[in-house]
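Listed here are the chains, written in short residue letters.
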Amino acid sequence: MSRPQPLSGFPELLPRQRIVELQVVDHLRRAFELHGFANLQTRAVEPMDQLLRKGETSKEVYVLRRLQADDRDTSDAELGLHFDLTVPFARYVLENAGKLNFPFRRYQIQPVWRGERPQSGRYREFWQADIDIIDQGELPAHYEVEVALVVADALRDLPIPAVRMHVNNRKLSQGFYQGLGIADTEEALRIIDKLDKIGADAVAKLLIDTVDATPEQAEACLKLASISAADTSFVDEIRALGVTDPLLEEGLNELAAVVDAAAKAAPGFVVADMKIARGLDYYTGTVYEVFIEGQEHLGSICSGGRYDELASDGKHTYPGVGLSIGVSRLLVPLLQSGALDATREVPTCVLVALANDDDRAAATGLAQRLRGRGIPTQVSPSAAKFGKQIKFADKRGIPFVLFVNDEGTQIKDIRSGDQVTIDVDAWNPPAEDLHPTIVTA
RNA sequence: GUGACCGUAGUUCAGCUGGUAGAACGCCUCGUUGUGGUCGAGGAGGUCGCGGGUUCGAGCCCCGUCGGUCACCCCA
């Protein structure tokens, strides 16, 4: 059995699924460009020290090596495939700082790679659609609202279930833990993040065992994590817990500003949620996670945050804020379950039938006239029986077959069976048939 | 990296206490001799993931291996 087997974690789509994915990506592009984001493409590889600069993500990185590399040859810096688009972007900004105009906004839609064991909704190669705004020295807080609203726009009108963005602020959580007297606030954050998965009791136990929290401190952490609100009412709720800390205060003010502005601009999309802790460890303030409503257990389909220190050459710092939509995570499950599909598996709108093989030149001419007016057309592969040529179209979902016969030039809608004489230079398919479209189950 | 479960036509699956391979759908042909879909008849397609072992005999039992799914870790 030499037939290749699929490789787990490297999803590949069928043509009709890819049509859906392409249209979704086009939609995202349009939304990003409407907000003035310029596109950027960065190389697939980064030096390992760049990738590992922040945090212990090392085991997630695929390392690249030349087959002929000599063991003793250390002249080539070790290279790894990028695991997100933010780290390469930060590197790119530093590298091109002199040629870019700040604040700089860009979007990037590319594959990323993570060397982890795949499971449902988690892949080793997947696509991200990333937007970021980076400034020089200082990054105004209003950009934290803007990127959230761009994502709200981008995800609107997509044929996907309703989504909601949960927002928190790392200063708020870590300031709270700090004010409470917990030393390892990073680890506390990580534990709180497991709340939905393992439950409150297990989290409390972990806090007590791992970061030496007292039962009372653990209780307070859980109380904080339970707070969420679609408006700024969370501020008073948190203050009522009686913990004071300058960092907490800063976080409260920042989060309140983001939630307030977002609630006005996109009512119902953003909710402050104190148990949001995740994201890569370079985030320093606001953090975002977007979930499919009612499907929170599937994980976030988009996440991001503010990072003040990621892009820094020691002399200049370029703080940024951005969000990354997990295109594969969002679409692959919907495609594989059949919840999303395309109306056909080819772009072709018209198949030109062939009465006999000598007619191919004439048929090609007709096809070219249709293409000249933007109608995707292909000529039948052979002058087989007309029944077979119609079946060829039917199997691919091509809606129209063009015949040249005694009646003249006729077009048949193979769904209805209607066949009418047309003028090739004037006929147009219904707008919804010109290109494949997305259908939801 | 750790653990659990699973690998049989293109696909989804069945296959009894071990006795030499099945269904449905899909595909091809014909009925319908150049206008499909329905219906009917016929047909092609499998070294049962791979390697070894036990046995007179293995899809089935044992060992190994590769692959897949899920969970942990981490994250989109």
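Residues numbered from 1 in each chain as written. Chains lettered and ligands numbered in written order. Predicted model: local features only at pLDDT ≥ 70, side-chain atom pairs only at ≥ 80, totals over all residues. Heavy atoms only, no water.

Looking at an unreviewed UniProt entry, one finds chain A named Histidine--tRNA ligase and attributed to Glycomyces lechevalierae. Per UniProt, the comment on chain A under Catalytic activity (unreviewed entry) is "tRNA(His) + L-histidine + ATP = L-histidyl-tRNA(His) + AMP + diphosphate + H(+)". Of chain A, the UniProt comment under Sequence similarities (unreviewed entry) reads exactly: "Belongs to the class-II aminoacyl-tRNA synthetase family." (UniProt positions renumbered as here; feature names shortened; annotations may be inferred.)

> Any chance you could explain the UniProt feature "binding site: L-histidine" (unreviewed entry) in chain A here in plain terms?
The UniProt entry lists Asp84, Leu85, Thr86, Arg114, Gln128, Asp132, Arg278, Tyr282 and Tyr283 under the feature "binding site: L-histidine" (unreviewed entry), expressed in the numbering used here. Relative to the elements of secondary structure, Gln128 occurs in strand β6 (residues 125-134). If sequence neighbours within four positions are ignored, Gln128 has contacts with Asp84, Leu85, Gln108, Ile109, Gln110, Val112, Arg114, Ser324, Ile325 and Val327. With respect to the element layout, Tyr283 can be found in the loop between β9 (270-273) and β10 (286-292). If near-sequence neighbours (up to four positions away) are discounted, Tyr283 is found in contact with Arg170, Arg278, Gly304, Gly305, Arg306 and Tyr307. (Helix = DSSP H or I, 4+ residues; strand = E, 2+ residues; numbered from the N terminus. Contact = heavy atoms within 4.5 Å.)

> What am I meant to see in the sheet that holds β10 here?
Each strand in a sheet pairs with another by means of backbone hydrogen bonds, the pair being arranged parallel or else antiparallel. Spatially, the nine strands line up as an open sheet ordered β1-β5-β6-β12-β11-β10-β7-β9-β8, and their pairing is mixed. Pairing within the sheet leaves two strands with one partner each, and these edge strands are β1 (38-39) and β8 (228-229). In this structure, β6 lies alongside strand β12 (residues 317-326), joined through seven bridges in antiparallel fashion. Bridge pairing in β12 links Ile133 to Val321. The sheet strands contacting helix α1 (residues 15-34) are β5 (104-113), β6 and β12, and the helix crosses β5 at an angle near 160°. Each of β5, β6, β11 (302-312) and β12 touches helix α3 (residues 86-96); the most contacted strand, β11, lies at about 35° to it. (Pairing = 2+ DSSP bridges. Axes fitted to C-alpha atoms, helices over the stretch in contact; angles between N-to-C directions.)

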